[in-house]
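# An overview of the molecular structure
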Amino acid sequence: MADLARKIRSGGRLTEAEGLDLLRTMPLSEMGALAQERRFARHPAREVTFVVDSNPNYTNVCEADCLFCAFYRKEGDADAYTFTPEQVAKKAKEHWGAGVTTLLLQGGLNPKLPFSYYLDLIRALKAAVPKMHLHLFSAPEIQEMAKVSGKTITEVLAALHAEGQLTLPGGGAEVLSDRVRIRMAPKAVGTKQKSSEWLEVHRAAHAVGMRSTATMMYGHFETPEDVVTHLESIRTIQDETKGFTAFVPWSFKPGNTVLERKITSYAGPAVYLRMLAFSRLYLDNFDHVQASWFSEGKKTGQMALHFGADDFGGTLLEENVHKEAGFVNTTTVEETARIIRESGFTPVQRGTLYERIRTHGPEPVMAGR
């Protein structure tokens, strides 16, 4: 471990074999300290960024049948829904009025929606909230659009970009190992992507001028080898395109899912902090690593700021996927700023592309009585 630590401190790149050794054997305290050193080498200021966002959904109808998902419904289910572009735009306008600057919009893989629906959706959003950043559609949704339209992935992305979509969220990555993905969604073969297809969507998105995030949902069937494979895959694309803005890991929540019978407990804070610190060390070409307070809890989110994370993610005015799994966290801009200050950092509100919006200064000192 001493040799690996020296290599990391000197700015050397970890190989897959070295990464696997580090992930398996380095004590968490040592890994966290190294990750924090690398974080400050890239971002010297004692600042932590966050974005004011919302994550509604336009449909919960999905044909993928993923065993890990509590959100999806089948066409005809009593609580299935698909909103019109105008309904989504109305909700976005309400969220803009509440201070939201980024709309993270995703949905199920609904084969009844034509490609024109997605173009109309962007047009309606641009008309209703022209200054809101549209962070839209995961890679599996892009694949679904290509399938229903007969277009290539690049043609779909170019059309969305032309209408005003600038960034793509990293949803649908889970763990980029086909062995794991088949176990997570065995019925989804043919409706949801292989690892190479997820990667190709993001590579193509970067080529047409979009930026995107990379994610990883762990805590189910993955092994340390799968984790390293996942990180190596996105690190390789980042070398090629420089198109990823951030990496966001979070743990699987089995509540109300088919997998609840097989995976009966959450991956805890120690595992999360290990994944977070390791990703900061391995992903040497990523500017930002997000602390996923929403999935891991606010206290763990605070700790993450000392294990390599430089960003606190979004405030998520609305979120439905974790909610359906029985796991709910909420916050406000004021609480987010306070949590960051309590961790020893200055909170900086940002946009989706990490442009600074404003610095949240210290809270006013209460006068004595």
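See above for the structure.
Residues numbered from 1 in each chain as written. Predicted model: local features only at pLDDT ≥ 70, side-chain atom pairs only at ≥ 80, totals over all residues. Heavy atoms only, no water.

## Some points on the overall build of the chain
Cut-off, in case you're wondering: Put simply, DSSP marks the helices as runs of H or I at least four residues long and the strands as runs of E at least two long, and each gets a number from the N terminus on. Here's how the labels work: a residue is buried when its accessible area is under 20% of the maximum for its type, exposed when over 50%, partly exposed in between, all with a 1.4 Å probe on protein chains only. It only takes one pair of heavy atoms within 4.5 Å for two residues to be counted as in contact. In these tables, accessible area is a Shrake-Rupley quantity obtained with a 1.4 Å probe, and a residue counts as shielded only by the protein chains included in the view.
From N to C terminus, the chain includes 15 helices and 11 strands. Classification of the 369 residues of the chain by burial places 59% in the buried group. Sequence-distant contacts in the chain: of pairs separated by 6 or more residues, those separated by 24 or more amount to 76%. Summed over its atoms, the accessible surface of the chain is roughly 15,200 Å², and 55% of this surface lies on carbon and sulfur atoms.

## Section: the environment of Val 61
Locating Val 61 in the fold gives a position in the loop between β2 (53–54) and α4 (85–97). Separated by 21 residues in sequence, Val 61 and Thr 82 place their C-alpha atoms 7.1 Å apart. For Val 61, the residues in contact, after removing those within four places along its chain, are Arg 73, Glu 75, Ala 80, Tyr 81, Thr 82, Gly 108, Leu 109 and Asn 110.

## Describing unusual backbone geometry
In this structure, Glu 174 takes a positive phi of about 45° despite not being glycine. For Glu 174, the position within the fold is in the loop between β5 (167–168) and α8 (178–184). Positive phi, close to 70°, is recorded for Tyr 354, a residue that is not glycine. Secondary-structure assignment places Tyr 354 in the loop between β10 (346–350) and β11 (356–359). Tyr 354 sits in the buried class, given a relative accessible area of 15%.

## Topic: the nonpolar core
Keep this limit in mind: Throughout, nonpolar core names a set of buried Ala, Val, Leu, Ile, Met, Phe, Trp, Tyr and Cys residues whose side chains join them through atoms within 4.5 Å.
Of all hydrophobic cores here, the largest spans 92 residues; its most connected members are Phe 137, Leu 160 and Ile 234. When near neighbours in sequence (up to four residues on either side) are disregarded, Ile 234 contacts Leu 176, Trp 198, Leu 199, Ala 214, Phe 244, Phe 247, Leu 283 and Phe 286.

## A look at the packing of α4 against helix α5 (residues 115–128)
Between two packed helices, the angle of one axis relative to the other and the distance separating the axes together describe the packing. Note the following rule: Working convention: axes come from line fits to C-alpha atoms, limited for helices to the stretch in contact. Angles between N-to-C directions cover 0 to 180 degrees. Should the near helix be turned anticlockwise from the far one by less than a right angle, the crossing is left-handed, and should it be turned clockwise, the crossing is right-handed. Classification convention: Asp, Glu, Lys, Arg as charged; Ala, Val, Leu, Ile, Met, Phe, Trp, Tyr, Cys, Pro as nonpolar; all other residues, Gly among them, as polar.
Following both chains from N to C, one finds α4 and α5 inclined at 35°, their axes separated by 8 Å at the closest point. Note that α4 runs across α5; the crossing there is right-handed. Note on element contacts: α5 touches α4 through Tyr 117, Asp 120, Leu 121, Ala 124, Leu 125 and Ala 128, opposite Pro 85, Val 88, Ala 89, Ala 92 and Lys 93. Tallied by class, the residues present in the contact of α4 with α5 amount to 9 nonpolar, no polar and 2 charged.

## Focus: the packing of aromatic side chains
This is how the line gets drawn: Only centres within 6.5 Å qualify two rings of Phe, Tyr or Trp (six-membered ring in Trp) as a pair; their planes then separate them into stacked at under 30 degrees, edge-to-face at over 60, and tilted for everything else.
One pass over the full model with this rule turns up 11 aromatic pairs. Measuring from centroid to centroid gives 5.5 Å for Phe 244 and Phe 286, while their planes differ by 15°, and the two rings are stacked. Note that Phe 244 is positioned in strand β7 (residues 244–251) and Phe 286 in the loop between α11 (269–282) and β8 (288–289), a separation of 42 residues in sequence. Assessed through its relative accessible area of 2%, Phe 244 is described here as buried. By relative accessible area, which is 0% here, Phe 286 ends up buried.

## Here's the deal with the side chain of Gln 238
Here Gln 238 shows up in helix α10 (residues 224–241). Leaving out residues up to four positions away in the same chain, Gln 238 has contacts with Gly 243, Phe 244, Asn 285 and Phe 286.

## A word on the sheet that holds β10
Under the convention used in this document: By definition, two strands form a pair when at least two bridges between them are found by DSSP.
The strand order across the open sheet formed by 4 strands is β9-β1-β10-β11, and the pairing between neighbours is mixed. Because the sheet does not close on itself, it has two edges, and the strands there are β9 (311–314) and β11. Within the sheet, the average angular offset between the axes of one strand and its neighbour, ignoring direction, is 25°. Here 3 bridges tie β10 to β11, and the two strands are oriented antiparallel to one another. Across the sheet, Gln 349 pairs through a bridge with Arg 358, a residue of β11.

## What about helix α7 (residues 153–163)?
The criterion, for reference: The directions considered for the arc are those from the helix axis to the C-beta atoms.
Along α7, the positions that sit buried rather than exposed are Val 156, Leu 157 and Leu 160. Relative to the axis of α7, the buried residues are bounded by an arc of 95° and lie together on one face. Buried residues along α7 sit in contact with α5, α6 (139–149) and α9 (195–207). Directly after α7, the chain includes Gly 164, whose backbone phi takes a positive value near 125°.

## Some remarks on the pattern of salt bridges
As a reminder, the rule being used: In what follows, salt bridge is the name for a side-chain nitrogen of Lys or Arg lying within 4 Å of a carboxyl oxygen of Asp or Glu.
All chains considered together, the criterion is met by 21 salt bridges. Across the pair Glu 225 and Arg 24 runs a salt bridge, and its minimum N-O distance is 2.3 Å. Residue Glu 225 is found in helix α10, and its partner Arg 24 is found in helix α2 (residues 16–25); the two are separated by 201 residues along the sequence. Under the relative-accessibility criterion, Glu 225 is labelled partly exposed at 34%. For the salt bridge of Glu 144 with Lys 147, the shortest nitrogen-to-oxygen distance reads 3.5 Å. Pair noted here: Glu 144 and Lys 147 are both in helix α6, with a separation of 3 residues, about one helical turn. Through salt bridges that share partners, Lys 298, Glu 335, Arg 338 and Glu 342 make up one connected network.

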